[in-house]
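These are the residues of each chain, in order.
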Amino acid sequence: MFMDGRPNETHMSFQREYAERLDWMEEQFKDWAFNLLTVFFYYEDKGGFTEKQKEFHRQSMAAFDGLTPTYHVALMEDSPYLVWNFNSLLQGIQFMFSMMLTDENRPIRMCRNCGKAFIVKRYRDKFCSKECSEEYKNSLDV
């Protein structure tokens, strides 16, 4: 997943060969926001869900199924590496989003205070910033 010491996601996000209409992208981002919320609520509240509610969350994530990108192995001097082939911008973004949702070390989370999505710096992080953490703690004291 690395090329020139940087993740492939970085390289993919700066490709200029493909573009989509802004209104179409806006609709896709709304769908991804729904998926992010689904993941967040599922893992934060799954102990309080009925089996029917859990199945609803699982089905909503299954609906986030797109075309699978292909790949090939390229040879470098030191070692082989994977090259991902995306047929559309949507496919590339879905792949990057999915990688970020499932990243064990730096997953995407939602701030418990403001609700903003953020990439954690430490696995136990629950807030997007120190200010949000303090604001949340102060709200509990009231």
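All values derive from a computational prediction rather than experimental measurement.

### Topic: the overall build of the protein
Thinking step 1. Summing up its helical and strand segments, the protein has 5 helices and 6 strands in all.
Thinking step 2. Order of helices (α) and strands (β) in the protein, N terminus to C terminus: β-β-α-α-α-β-β-α-β-β-α.
Thinking step 3. Looking at the protein residue by residue over its 142 residues, the buried ones come to 26%.
Thinking step 4. If you sum the accessible surface of the protein, you get close to 10800 Å²; carbon and sulfur atoms cover 55% of it.

### Looking at the packing of aromatic side chains
Thinking step 1. By the definition in use, this model includes 2 aromatic pairs.
Thinking step 2. When the ring of F127 is compared with that of Y136, the centres are 5.1 Å apart and the planes differ by 50°; the resulting orientation is tilted.

### Describing the confidence of the model for the protein
Thinking step 1. Per-residue confidence for the protein averages 77 on the pLDDT scale, and 80% of its residues sit at or above 70.
Thinking step 2. Ranking the helices and strands of the protein by mean pLDDT puts helix 5 (residues 130-141) first, with 91, and strand 1 (residues 2-3) last, with 46.

### Re the nonpolar core
Thinking step 1. Counting residues in hydrophobic clusters, the biggest one holds 10 residues: W32, L36, F40, L90, I93, M96, F97, L101, I108 and M110.
Thinking step 2. Elements represented by at least two residues in this core include exactly helix 2 (22-45), helix 4 (89-102) and strand 5 (108-110).
Thinking step 3. Top contributing element to this core by residue count: helix 4, with 5 residues.
Thinking step 4. Beyond its immediate chain neighbours, meaning those up to four positions away, L101 contacts L36, V39, M61 and I108.
Thinking step 5. Within the second largest apolar cluster, 5 residues are counted, among which are C111, V120, F127 and C132.

### Some remarks on the environment of M25
Thinking step 1. With respect to the helices and strands, the residue M25 is situated in helix 2.
Thinking step 2. Overall, M25 belongs to the partly exposed group, its relative accessible area being 21%.
Thinking step 3. With 64 residues separating them along the chain, M25 and L89 place their C-alpha atoms 9.5 Å apart.

### Observations regarding the pattern of salt bridges
Thinking step 1. For the coordinates displayed, the defined rule picks out 3 salt bridges.
Thinking step 2. Among the salt bridges present, the one from K30 reaches E26, with a minimum N-O distance of 3.7 Å. In this pair, K30 and E26 are both assigned in helix 2, 4 residues apart and thus about one turn of the helix distant.
Thinking step 3. In this structure, the salt-bridge partner of D125 is R122, at a minimum N-O distance of 3.4 Å.

### Details of the environment of I119
Thinking step 1. The topology assignment puts I119 in strand 6 (residues 117-119).
Thinking step 2. Judged by its relative accessible area of 40%, I119 is partly exposed.
Thinking step 3. Expressed as a C-alpha distance, the spacing of I119 and P107, which sit 12 residues apart in the sequence, is 5.8 Å.
Thinking step 4. Every residue in contact with I119, bar those within four places of it in the chain, is listed here: M100, R106, P107 and I108.

Here is what the cut-offs are and how they apply
Residues numbered from 1 in each chain as written. Predicted model: local features only at pLDDT ≥ 70, side-chain atom pairs only at ≥ 80, totals over all residues. Heavy atoms only, no water. Helix = DSSP H or I, 4+ residues; strand = E, 2+ residues; numbered from the N terminus. Buried < 20%, exposed > 50% of the residue type's maximum accessible area, 1.4 Å probe, protein only. Areas by Shrake-Rupley, 256 points an atom, 1.4 Å probe, with all protein chains shown as cover. Phe/Tyr/Trp six-rings, centres within 6.5 Å; stacked < 30°, edge-to-face > 60°. pLDDT = per-residue confidence, 0-100. Core = buried A, V, L, I, M, F, W, Y, C linked by side-chain atoms within 4.5 Å. Contact = heavy atoms within 4.5 Å. Salt bridge = Lys/Arg side-chain N within 4 Å of Asp/Glu carboxyl O.

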